[in-house]
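Below are the chains, spelled out letter by letter.
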Amino acid sequence: MRIKVVYDSKTGNTKKVADAIYSALPISAERDILDIHDYRSEEDDGWDLYFVGFWIRRSSASVEVLQRLSQLHHCGIALFGTCGILPVDASGAISLAETVSVWIPEDSRYLGSFLCRGRMDISVRNCCAAKRGTPEDDGRIDQFLRAFDEAMLHPDAADLAAAGEFARNTVKKLQTFAQEDEQDHIAS
Ligand SMILES: Cc1cc2nc3c(=O)[nH]c(=O)nc-3n(C[C@H](O)[C@H](O)[C@H](O)COP(=O)(O)O)c2cc1C
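Conventions and cut-offs
- For every chain, the first residue of the written sequence is number 1, and numbering continues from 1 onward in sequence order.
- For a predicted model such as this one, the threshold for reporting local features is a pLDDT of at least 70, and the threshold for listing and counting side-chain atom pairs is 80 or more; totals across whole chains, interfaces and linings nevertheless cover every residue.
- The helix and strand labels rest on DSSP assignments: H or I over at least four residues marks a helix, E over at least two residues marks a strand, and numbering proceeds from the N terminus.
- Exposed residues have 12 or fewer other C-beta atoms within 10 Å of their own C-beta, buried residues have 20 or more, and partly exposed residues fall in between, where C-beta atoms are placed from the backbone.
- Residues are defined as contacting one another if the C-beta atoms placed from their backbone atoms lie within 7 Å.
- Whether two strands pair comes down to DSSP finding at least two bridges between them.
- Domain segmentation is taken from an automatic or database assignment of domains.
- Residues are grouped as follows: Ala, Val, Leu, Ile, Met, Phe, Trp, Tyr, Cys and Pro are nonpolar; Asp, Glu, Lys and Arg are charged; every other residue, Gly included, is polar.

Trainee: Before we move on, can you summarise the overall build of the chain with the specific residues and values?
Mentor: Secondary structure summary: the chain contains 6 helices and 5 strands in total. Seen through its principal axes, the chain has C-alpha atoms that stretch 70 × 30 × 30 Å. In the chain, which comprises 188 residues, the share counted as buried stands at 34%. A separation of at least 24 residues holds for 81% of the contacts in the chain among residues at least 6 apart in sequence.

Trainee: Could you give me a rundown of the pairing of strand S3 (residues 49–55), with the residues and numbers involved?
Mentor: When you tally the buried positions in S3, you get 7 out of 7 residues, the bulk of the element. Along S3, one buried face is formed by Leu49, Phe51, Gly53 and Trp55 and the opposite face, lined by Tyr50, Val52 and Phe54, is buried too. Bridge count between strand S1 (residues 2–7) and S3: 5 bridges; the pairing is parallel. Residue pairing across strands places isoleucine 3 opposite leucine 49, the latter belonging to S3. In the sheet, S3 pairs with strand S4 (residues 76–83) via 7 bridges, with the strands oriented parallel. Of the residues in S4, the one forming a bridge with tryptophan 55 is threonine 82.

Trainee: Which residues make up the domain arrangement of the chain, and what are the values?
Mentor: You can read the domains of the chain as domain 1 (2–119 + 155–187) and domain 2 (120–153). On the domain 2 side, the residues contacting the 7 residues of domain 1 number 7 residues. Across the side of domain 1 that touches domain 2, the residue classes break down as 1 nonpolar, 3 polar and 3 charged.

Okay, structure coming up:
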């Protein structure tokens, strides 16, 4: 199996998760990891599985990630990402990933997603704290500051271990699909 990990990371959080995913991949596989900004489409021949990583920016991923996703044909694709404020329930986290997954071509197979929190730049906190008590204070500023502080230590060791587990399970999932496709092919 040929597996490529591609990530977009502005401040390093998503790169940490990308490294954890890459390290968890089976050593029997041909593996590659690269920053999306160093990515050339002519290098794209014949990869079976892509892990595509992004940081959440205004509830979606960057245009570079979305464009690249839309060009990944006839392969398995798993998404991973980091965000400052992890939605409180699993359905919220899934819907963030689903927003990005709609860019996956229909001839490729979407294999699921992994999201965890990632620390935000202190300037974001300062900017938000400065709005306290002003007309812009919509009553949610304290809630945001709490979420900011909780994100400070992420991704942590538990997040990276969970990312590794996600990578191993995704590879198994693709192998199972490949076996089923093979059986269907023989039966037809
Ligand atoms: C301009 C900007 C917009 C952001 N928008 C969101 C957002 O909508 N939701 C969220 O949870 N986090 C948001 N974040 C926080 C980042 O997604 C988070 O810190 C992420 O871990 C950064 O990843 P990186 O270190 O790989 O760049 C935003 C950060 C920036 C700088």
